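Chain and residue survey
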Amino acid sequence: MPRKKPFKYEIEDIVSEYNENLYNELKDKITIKLVKDFKIGWSAKIENGEAIITYNKSNYPDACFAHELLHIKYELNGLKPPLIKDNENVTNIMPFLFNQLCHHKFYQEFNDMGFNEEEFLNENDTSEVDTLAKRDIKLLEGIFNTSGTISGSSALLLPYIVLKSPHDKSETTKQHIEHLKRIGDNIFFQTIDTILQEWTNQESLDSSITFARIFKACNCPRVGFCLSGKDDDIIVAG
C-alpha cells in the first residue's frame, strides 16, 4: 500500500473569499512565505524583510491564514512590542502578553471578514487554553485556600487574559472566569477589563502605556516601557 502523501499548503490553497482582500493588500507590500512547522504551528513574523508564516494542519486554514496575515498587517502599521526596563522579572511573559494585546487590537477586523468567532484560534489552541486554565486555576485555588483572596499579580493576570480573548464566548470559559473571580480580587479583574477595552478602542498602536497600566494593576511598579529605547521616553508602571 502506498504511503499517504503528507499535507502541504500553498498560498493559493488557503486564500478564500474571506481573506482575499487582506492577502492582496499585503502581498503588494511584503513577500509572504509559507513554512510548514508541526512544533510551532500557526505563527507569523517579519524577518529580513519577509513575512514568514508557519502553519500546521487545520480544519479552517483560511481563517488561520487570515489571523497570521493580520499580525503581519498590524506589525507593518507599527504594532511592535515595546522595549522593557525590567526590575520585576517579567520580561519572560512579555511575548505572550503582547500576542494577547494584538488579538484584542485586530479581532474585529477578523470578524468583519465573515469568519466565525470559533475560527479565530486554531482548534488545537482552543483545547490548550482549557487545559492551561484548569491547571493555573487549581494552583491559584491552592494559594487562596492558604492565604485568602489573591490580590493583583502576574500569576492572576496570565490565566485571566487568556480567558478574556476577544473571540471566546464559550460556556466553559465563562465558568473558568467565574471561578477565578471567586478567588481573586474583583477590583483587579475590573481594572484589567477597562485597560483591555481602552487599548482596543484607542487609535495608537503603541502599547507602552497599556503595559505600564497592566503591571501597575499586578503590583509590579518597577517596570517601564517605550518603543524608542530612550530612557526619557520610558513609561513606568508606578
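Further up the page is the structure itself.
About the thresholds
- Residues numbered from 1 in each chain as written.
- Predicted model: local features only at pLDDT ≥ 70, side-chain atom pairs only at ≥ 80, totals over all residues.
- Heavy atoms only, no water.
- Pairing = 2+ DSSP bridges.
- Helix = DSSP H or I, 4+ residues; strand = E, 2+ residues; numbered from the N terminus.
- Contact = heavy atoms within 4.5 Å.
- Axes fitted to C-alpha atoms, helices over the stretch in contact; angles between N-to-C directions.
- Disulfide = S-S within 2.5 Å.
- Buried < 20%, exposed > 50% of the residue type's maximum accessible area, 1.4 Å probe, protein only.
- Arc of directions from axis to C-beta.
- Core = buried A, V, L, I, M, F, W, Y, C linked by side-chain atoms within 4.5 Å.

1. Things to note about the pairing of strand β2 (residues 43-47)
Sheet analysis places β2 next to strand β3 (residues 50-55), joined by five bridges and oriented antiparallel. The partner of A44 across the bridge, within β3, is I53. Here β2 hands over to β3 after two residues, with N48 in that stretch at a positive phi of 55 degrees.

2. Overview of the sheet that holds strand β5 (residues 223-226)
Spatially, β4-β5-β6 is the arrangement adopted by the three strands of the open sheet, whose pairing is antiparallel. Where the open sheet ends on each side, the last strands, each with one partner, are β4 (83-86) and β6 (235-236). Inspection of the sheet shows β5 paired to β6 by two bridges, in the antiparallel sense. When the bridges of β6 are listed, G224 appears paired with V236. The sheet contacts of helix α9 (residues 208-217) involve β5 and β6, and relative to β5 the element is tilted by about 165 degrees.

3. Some points on the state of the cysteines
This model, assessed by the stated rule, comprises zero disulfides. Of all cysteine sulfurs in the structure, the one in C64 sits closest to C102, which takes part in no disulfide; the separation is 17 Å.

4. A closer look at helix α2 (residues 20-27)
Of all the residues in α2, the buried ones are L22, Y23 and L26. Taken end-on, α2 shows its buried residues confined to a sector of 100 degrees, consistent with a single buried face. Structurally, α2 contributes buried residues whose contacts are with α1 (11-14), β1 (31-36), α3 (61-76) and α4 (94-112).

5. A short note on the nonpolar core
Counting 69 residues, the largest nonpolar core has I32, F65, L180, I192 and F215 as its most contacted members. Beyond its immediate chain neighbours, meaning those up to four positions away, L180 contacts I137, L140, L156, P159, Y160, L163 and F189.

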